[in-house]
Amino acid sequence: MKIELIPAIDIIDGQCVRLTKGDYDQKTIYRNSPVEVAKEFEALGLKRLHVVDLDGAKSKHIVNDSVLRAITNHTQLTVDFGGGIKTDEEIEKAFAAGAAMVTVGSIAVTQPELFMGWLEKYGAERIILGADVRHGKISINGWKEDSSEDLLPFLKKYVDAGVKNVLCTEISKDGTLAGPAIDLYQRIMETYPELHLIASGGVSSKEDIVALDTAGIPAVVFGKAIYEGRINLRELIIDN
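Keep in mind that this is a model prediction, so the values were computed, not measured.

J.: A description of empty space enclosed by the protein should follow, citing residues and the corresponding values.
T.: Tallying each qualifying case throughout the model produces two cavities of 30 Å³ or more. Considered as a void within the structure, the second largest cavity measures approximately 70 Å³ in volume. Lining the second largest cavity are Arg-18, Asp-174, Gly-175, Leu-177, Ser-200, Gly-201, Gly-202, Val-203, Val-221, Phe-222, Gly-223 and Lys-224. Among the residues making up the lining of the second largest cavity, the classes are represented as four nonpolar, five polar and three charged.

Following this line, the structure appears as structure tokens:
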């Protein structure tokens with residue numbers, strides 16, 4: 001397989017958790033120490049990590065930067081970080097805590113000029129456009145609100161501006177272990193084949209990841225399937 005494997009750590013109250021369809025009332029706590037989880041991923045040979053500050057996404061400012069700093073201080077993983085990045089101060093805080101990249105979604109909807117400024121200042125390699133989709137519309141603020149933005153026109157605006165990395169989550173799939181929205185990701189890749197598209201949501205098995213790889217999707221974020229024991233990371237990495 002060629003697909004890039006990116007495990008996810010979602011954080012609430014400093015703990016490693018997963019939500020179902022972005023619902024904070026459907027929360028499962030898997031581990032108390034995100035740092036130990038990150039170390040285990042690194043020990044298996046993984047290079048990338050996706051960290052989401054769910055407290056930050058909900059409160060609209062970074063909350064768990066200390067956890068991010070601990071992960072980056074204790075591992076060599078390339079970490080992308082998202083959740084609550086709304087201001088110049090917040091994006092600087094994320095980078096100062098060790099993030100190699102940041103995932104930004106809501107600001108790209110609500111303050112496009114600010115997002116464009118970050119893209120220019122930090123470069124397309126360090127900015128991941130978060131495109132979280134529900135019923136075909138971009139969702140914002142920790143998935144609590146749906147915007148009026150349709151997915152493909154939203155992407156076009158930023159691809160034309162130089163965005164290279166897009167993390168797309170199909171919210172109705174996220175945390176459900178119901179299989180990824182492969183048709184959606186294929187449609188994006190057919191429209192924008194130059195993108196480094198990171199698929200997210202619904203991955204339940206090695207077979208799902210193989211299917212994404214076969215469909216030509218460059219990268220995948222997955223978490224719940226790991227914590228529920230549905231994916232053997234060691235076996236997956238050997239085959240990758």
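Now that the structure has been shown, the text picks up again.
J.: Give me the lowdown on unusual backbone geometry, citing residues and values where you can.
T.: Of note in this structure, Asp-13 is not a glycine but carries a positive phi near 55°. Position of Asp-13 among the secondary structure elements: in the loop between strand E1 (4-12) and strand E2 (15-20). The exposed category is assigned to Asp-13, whose relative accessible area is 60%.

J.: Describe the pattern of salt bridges, listing the residues and the values that go with them.
T.: By the definition in use, this model includes 13 salt bridges. In this structure, Arg-18 engages Asp-10 in a salt bridge whose closest nitrogen and oxygen atoms are separated by 2.7 Å. Of the two residues examined, Arg-18 and Asp-10, each falls in the buried class. Here Lys-206 makes a salt bridge to Glu-235, at a shortest N to O gap of 3.6 Å. Taken together, the residues Lys-206 in helix H9 (residues 206-214) and Glu-235 in helix H11 (residues 233-239) connect sequence positions 29 residues apart. Residues joined by salt bridges that share partners form a network here, namely Glu-4, Arg-48 and Asp-80.

Conventions we followed
Residues numbered from 1 in each chain as written. Predicted model: local features only at pLDDT ≥ 70, side-chain atom pairs only at ≥ 80, totals over all residues. Heavy atoms only, no water. 1 Å grid on protein atoms, 1.4 Å probe; cavity = no way out; pocket = protein on both sides within 12 Å on 5 of 7 lines; lining within 4 Å. Points joined across faces, edges and corners; volume = space filled by probe spheres on them. Nonpolar A, V, L, I, M, F, W, Y, C, P; charged D, E, K, R; others polar. Helix = DSSP H or I, 4+ residues; strand = E, 2+ residues; numbered from the N terminus. Buried < 20%, exposed > 50% of the residue type's maximum accessible area, 1.4 Å probe, protein only. Salt bridge = Lys/Arg side-chain N within 4 Å of Asp/Glu carboxyl O.

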